[in-house]
Amino acid sequence: MEPDAQRPLDLAFARAVAWLEAVPERHVAPATGVDAVQDRLGRVLPEAGQDPAAVVGRLADAVEPALIASQSPRFYGWVIGGTHPVAVAADWLVTAWDQNAAMREPMPGTSAVEELAGRWLLDLLGLPATASVGFTTGATTANLAGLAAARHRVLADAGWDVEAHGLGGAPRVRVLAGAERHGSVDLALRYLGLGAATLVPADREGRIDVAALEAELARSSDPTIVVLQAGNLHSGAFDDVGAASDAAHRHGAWAHVDGAFGLWAAATPRLTHLAAGLARADSWATDAHKTLNTPYDCGVSFVAHPADAVAALGAQASYLVATASGLDPWTLVPEMSRRARGVPVWATLAALGRSGVAALVDGLVAAAALLADELGRLAGVEILNDVVYTQVCVTFGADERTAAVADALRAQGEVYASTSRWHDRTVLRFSVSNAWTDAGQVRRTVEAVRRAIDAVP
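Residues numbered from 1 in each chain as written. Predicted model: local features only at pLDDT ≥ 70, side-chain atom pairs only at ≥ 80, totals over all residues. Heavy atoms only, no water.

Peer 1: Can you walk me through the overall build of the chain in this structure?
Peer 2: When helices and strands are counted, the chain shows 14 helices and 11 strands. Over its C-alpha trace the chain gives a radius of gyration of 23 Å, about what one expects of a compact globule, namely 23 Å for 457 residues. For the C-alpha atoms alone, the extent of the chain along its principal axes is close to 65 × 60 × 45 Å. When the 457 residues of the chain are sorted by exposure, 51% land in the buried category. A separation threshold of at least 6 residues defines the contact pool for the chain, and within that pool the share at least 24 residues apart is 74%. Accessible surface, the chain as shown: approximately 19100 Å² in total, 56% of it carbon and sulfur. Charge separation in the chain, taken as the distance between the mean sites of 36 positive and 51 negative side-chain charges, equals 3 Å. (Helix = DSSP H or I, 4+ residues; strand = E, 2+ residues; numbered from the N terminus. Rg over C-alpha atoms; globule rule 2.2 N^0.38 Å. Buried < 20%, exposed > 50% of the residue type's maximum accessible area, 1.4 Å probe, protein only. Contact = heavy atoms within 4.5 Å. Areas by Shrake-Rupley, 256 points an atom, 1.4 Å probe, with all protein chains shown as cover. Lys, Arg positive; Asp, Glu negative; His and termini not counted. Charge placed at Lys NZ, Arg CZ, Asp CG, Glu CD.)

Now the structure itself:
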């Protein structure tokens with residue numbers, strides 16, 4: 001490589017390592033915003049080229065102050081994991097290799113790695129070994145892929161070819177989902193032209209009422225898809241996936257599981273009770289960039305009957321090199337061009353092993369339980385959910401006070417947690433998703449919350 005070409009790479013590596021080393025102790029919230037970054041970068045396209053190394057340096061200087069330290073072990077916003085160093089390293093290789101991971105035979109290197117990662121995931125999560133595995137951008141597109149396969153199957157069973165004829169004139173597809181389904185499910189249904197789901201009542205923790213689901217299933221013989229949940233956004237609770245899937249199948253419906261962060265409970269013997277019956281569903285969605293702590297982006301779609309996924313998402317064209325054996329990646333996900341995002345998954349699984357993944361998930365759950373216990377000891381703090389997994393929802397009294405404490409906490413800069421609405425109350429939600437959130441980090445978090453409480457009159 002020419003020296004001039006290597007200089008920006010060397011600088012990028014040095015800046016990346018410096019960033020990663022600083023993350024555990026840096027201010028979590030961004031220090032500047034969009035305007036400041038654009039001012040520093042320059043808003044007008046240069047007329048002449050510039051030194052690549054200088055461009056990389058200017059980019060890092062401008063952007064880093066505006067980054068949220070989501071890799072911090074005291075970051076609990078939304079559900080965003082940290083990043084294992086081995087996954088970051090593998091992702092750098094993916095960028096350098098620059099393979100379009102859509103076609104299996106022309107791109108055998110990355111395809112081989114992704115196929116291994118897929119097999120390992122099926123084994124780890126206890127899903128059918130013959131299921132297809134597609135790597136997507138995230139759980140929204142993973143839900144989309146699974147629900148596309150579902151749409152194909154239920155309409156095909158009703159005698160309608162949706163791929164050939166579209167939805168105009170098709171039998172109505174009924175979608176049933178728990179009242180506390182995640183918004184990504186609504187988006188996926190909208191993208192697929194299926195409209196809003198019919199909502200089935202859920203209990204206080206957000207678990208779908210299986211008896212109410214059974215009654216709703218019996219109301220109609222229309223083609224039906226049932227959407228279930230492994231890991232409620234606020235409580236972390238799990239639907240009774242086995243019983244709900246059985247109910248769906250008794251009525252000829254497809255059962256899909258949105259397990260963006262909760263599907264990983266199946267990877268540890270201590271938590272398999274939460275995911276009991278998981279394999280009895282027909283499709284599943286999850287994120288590796290959440291619980292497994294791989295870099296953004298990496299969702300995973302699993303479909304029990306691969307032919308349904310291929311029928312819904314596959315395409316044929318003379319310029320595409322179809323594989324003589326196996327499944328081409330482009331037939332399992334919405335994208336025909338994508339990076340090999342399954343490679344960091346393989347690297348993380350290889351580095352951790354089965355026991356390491358179990359320890360990771362167990363550690364997240366233990367940290368959430370400790371956090372709930374310690375926060376619950378503070379005056380004026382109420383824990384709203386049964387902490388069975390990685391989510392902790394708290395209030396500090398009235399909505400206005402909860403919002404004020406949340407703002408004070410984030411302003412300190414040591415801890416970041418996000419607010420939400422649950423049970424018609426403002427809550428501060430702690431999502432424990434970082435592999436390095438240990439007991440020491442939990443105690444630092446609790447002390448920061450104590451200071452935030454004291455700062456609000």
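After that view of the structure, there is still more to cover.
Peer 1: Honestly, helix α4 (residues 85-97) in this entry has me stumped. Any pointers?
Peer 2: Along its 13 residues, α4 runs 18 Å from first to last C-alpha, staying within 8% of the 18 Å computed at 1.5 Å per residue. Asp 98 occupies a position one or two residues after α4 and carries a positive phi of about 55 degrees. (Expected span 1.5 Å × (residues − 1).)

Peer 1: Looking at this structure, I do not really get the nonpolar core. What am I missing?
Peer 2: If you look at soluble globular proteins, the nonpolar side chains tend to sit buried side by side. In this structure, Phe 302, Tyr 389 and Phe 430 are the most contacted members of the largest nonpolar core, which totals 79 residues. Of all the elements, helix α12 (residues 342-376) adds the most residues to this core, at 12 residues. Discounting residues that sit within four places of it in the chain, Tyr 389 has contacts with Gly 236, Phe 238, Phe 261, Gly 262, Trp 264, Ala 265, Leu 271, Leu 274, Thr 291, Val 361, Val 365 and Ala 368. The next biggest cluster of nonpolar side chains, apart from the first, holds 28 residues, and it includes Val 173, Ala 188, Ala 197 and Leu 313. (Core = buried A, V, L, I, M, F, W, Y, C linked by side-chain atoms within 4.5 Å.)

Peer 1: Teacher, can you tell me more about the sheet that holds strand β4 (residues 224-229) here?
Peer 2: Pairing between the strands of a sheet comes from backbone hydrogen bonds, and it takes one of two forms, parallel or antiparallel. If you walk across this open sheet you meet the seven strands as β1-β7-β6-β5-β4-β2-β3, and the pairing is mixed. Because the sheet does not close on itself, it has two edges, and the strands there are β1 (132-136) and β3 (198-200). Neighbour-to-neighbour, the strand axes of the sheet open up by a mean angle of 20 degrees, direction not taken into account. Two strands pair when backbone bridges link them, and strand β2 (residues 174-178) and β3 are joined in this way by three bridges, in the parallel orientation. Bridging from a neighbouring strand, Gly 178 pairs with Val 200 of β3. Most of the contacts of helix α5 (residues 108-125) go to β1, to which it runs at about 115 degrees, and overall it touches β1 and β7 (299-303). (Pairing = 2+ DSSP bridges. Axes fitted to C-alpha atoms, helices over the stretch in contact; angles between N-to-C directions.)

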